[in-house]
Amino acid sequence: MDRFKRRPQATHERPEGIRVADGAASAGSVLSAVTGRLVAMRDIPDPVFASGALGVCAGVWPEEDVVFAPVSGVVTAAMPHAIVIATDDGLELLVHAGIDTVELRGDGFELYCGRGDRVRAGDALMAFSRAKVAKAGYQDIVICVVANSDRYEDVTVEAPRQVRAGEKIIGVGARTDVAPEEEPPGATLTSA
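All residue numbers refer to positions counted from 1 along the written sequence of the respective chain. Owing to the predicted nature of the model, reporting of local features is limited to residues with pLDDT of at least 70; listing and counting of side-chain atom pairs is limited to 80 or more, with chain, interface and lining totals taken over all residues. By convention in this description, side-chain values take in all heavy atoms of the structure and omit both hydrogens and water.

Caption draft 1: View of the overall build of the chain. Secondary structure is summarised from DSSP: a helix means a run of H or I of at least four residues, a strand means a run of E of at least two, and numbering begins at the N terminus for each. Scanning the chain from N- to C-terminus turns up three helices and 14 strands. For every residue, the accessible area (1.4 Å probe, protein chains only) is compared with the maximum for its type, and the residue is labelled buried under 20%, exposed over 50%, or partly exposed between those bounds. By residue count, 42% of the 192 residues in the chain fall in the buried class. When checking whether two residues touch, look at their non-hydrogen atoms; a contact exists if any pair is within 4.5 Å. Relative to all contacts within the chain whose residues are 6 or more apart in sequence, the contacts with residues 24 or more apart total 71%. Areas reported as accessible are Shrake-Rupley estimates using a 1.4 Å probe. Residue values count occlusion only from the protein chains shown. Surface exposure of the chain reaches about 10,800 Å², of which carbon and sulfur atoms provide 49%.

Caption draft 2: Representation of the sheet that holds strand 1 (residues 29–31) within the structure. Between any two strands, at least two bridges found by DSSP are needed for them to pair. Ordered by their spatial adjacency, three strands build an open sheet running 1-14-12, and the pairing between neighbours is antiparallel. Edge positions in the sheet fall to strand 1 and strand 12 (155–157), since each of these pairs with one other strand and no more. Pairwise comparison of adjacent strand axes, ignoring direction, gives a mean angle of 20 degrees for this sheet. Where strand 12 meets strand 14 (residues 168–172), three bridges bridge the pair, whose relative direction is antiparallel. When the sheet's bridge partners are listed, V157 is paired in strand 14 with I170. Only the contacting stretch of a helix is used when fitting its axis, a line to C-alpha atoms as for every element, and angles between N-to-C directions run 0 to 180 degrees.

Caption draft 3: Focus on the state of the cysteines. Two cysteine sulfur atoms make up a disulfide if the distance between them is within 2.5 Å. Following the criterion strictly, the structure yields zero disulfides and no others. The cysteine C144 is free of any disulfide, with C57 supplying the nearest cysteine sulfur at 9.1 Å.

Caption draft 4: Structural context of the environment of G171. Among the structural elements, G171 can be located in strand 14. Under the relative-accessibility criterion, G171 is labelled buried at 12%. Distance in space between the C-alpha atoms of G171 and E158 is 7.5 Å, their sequence separation being 13 residues. In contact with G171, not counting residues within four places along its chain, are G28, D154, V155 and T156.

Caption draft 5: Quick look at the environment of V155. By the element assignment, V155 lies in strand 12. Taking the C-alpha atoms as reference points, V155 and V172, 17 residues apart in sequence, are found 4.5 Å from one another. If sequence neighbours within four positions are ignored, V155 has contacts with V56, V146, S149, I170, G171 and V172.

Caption draft 6: Structural context of unusual backbone geometry. The phi angle at D100 is positive, at roughly 60 degrees, despite the residue not being glycine. Its location among the elements puts D100 in the loop between strand 7 (92–97) and strand 8 (109–111). According to the relative accessible area criterion, D100 is partly exposed, its value standing at 44%. Residue R105 is not a glycine yet carries a positive backbone phi of 50 degrees.

Caption draft 7: The pattern of salt bridges, seen in detail. The salt bridge criterion pairs a side-chain nitrogen of Lys or Arg with a carboxyl oxygen of Asp or Glu, the two atoms within 4 Å. Tallying each qualifying case throughout the model produces nine salt bridges. A salt bridge links D88 to R118; the nearest nitrogen and oxygen atoms lie 3.0 Å apart. Taken as a pair, D88 in the loop between strand 6 (82–86) and strand 7 and R118 in strand 9 (residues 118–119) lie far apart in primary sequence, 30 residues in all. As far as burial versus exposure is concerned, D88 and R118 are alike and both exposed.

Caption draft 8: Up close: the packing of aromatic side chains. Any pair of Phe, Tyr and Trp rings, taking the six-membered ring for Trp, is counted once the centres come within 6.5 Å. Such a pair is stacked with planes under 30 degrees apart, edge-to-face with planes over 60 apart, and tilted for the rest. Using the criterion set out here, one finds one aromatic pair in the structure. Pairing F109 with F128 gives two aromatic rings, centres 5.6 Å apart and planes at 10 degrees, and the pair type is stacked. With F109 in strand 8 and F128 in strand 10 (residues 124–128), this pair connects stretches of sequence that are 19 residues apart. F128 carries the same exposure label as F109, and that label is buried.

Geometric descriptors of this kind do not, in isolation, establish any biological role.
In structure tokens form, the structure reads like this:
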């Protein structure tokens, strides 16, 4: 059981993170994890992601092999092809590199973070060999899923276009499962 607790050792030096524009990584924004072509959820070539079964998501066909953190928070799960980050305000984001790439069993993937690590938007999370993914017959699209999108009043994917890593691709509205703050005593006016 100890092997599940050990943090994977990176074989290469962690790439430098990207600079995220001031305010871009604010609450309510999910940034692109890679530079490439943003596609709508329905155009992701996997029925589970395209249907929204895992939550509202966006995919980006990458131009590079490094995947960056689309939000700031704590890594709650880290597998060679997928990472889950929980933000301080409760958003749960799955970052998934490739379609069916779990079948590669980590071959061609390198993690730069582990469970329990705090990451900032723009930090390098992982690298993967797009060439190995393609050679194995899989697609290399990088998908960001708001896994708890049902807890927000509005989750909106930006229009398809060319994006750079660190650009906003998903907007997230207010949470619907959080009770409004109670009014302080005496705040309600009553008539005598």
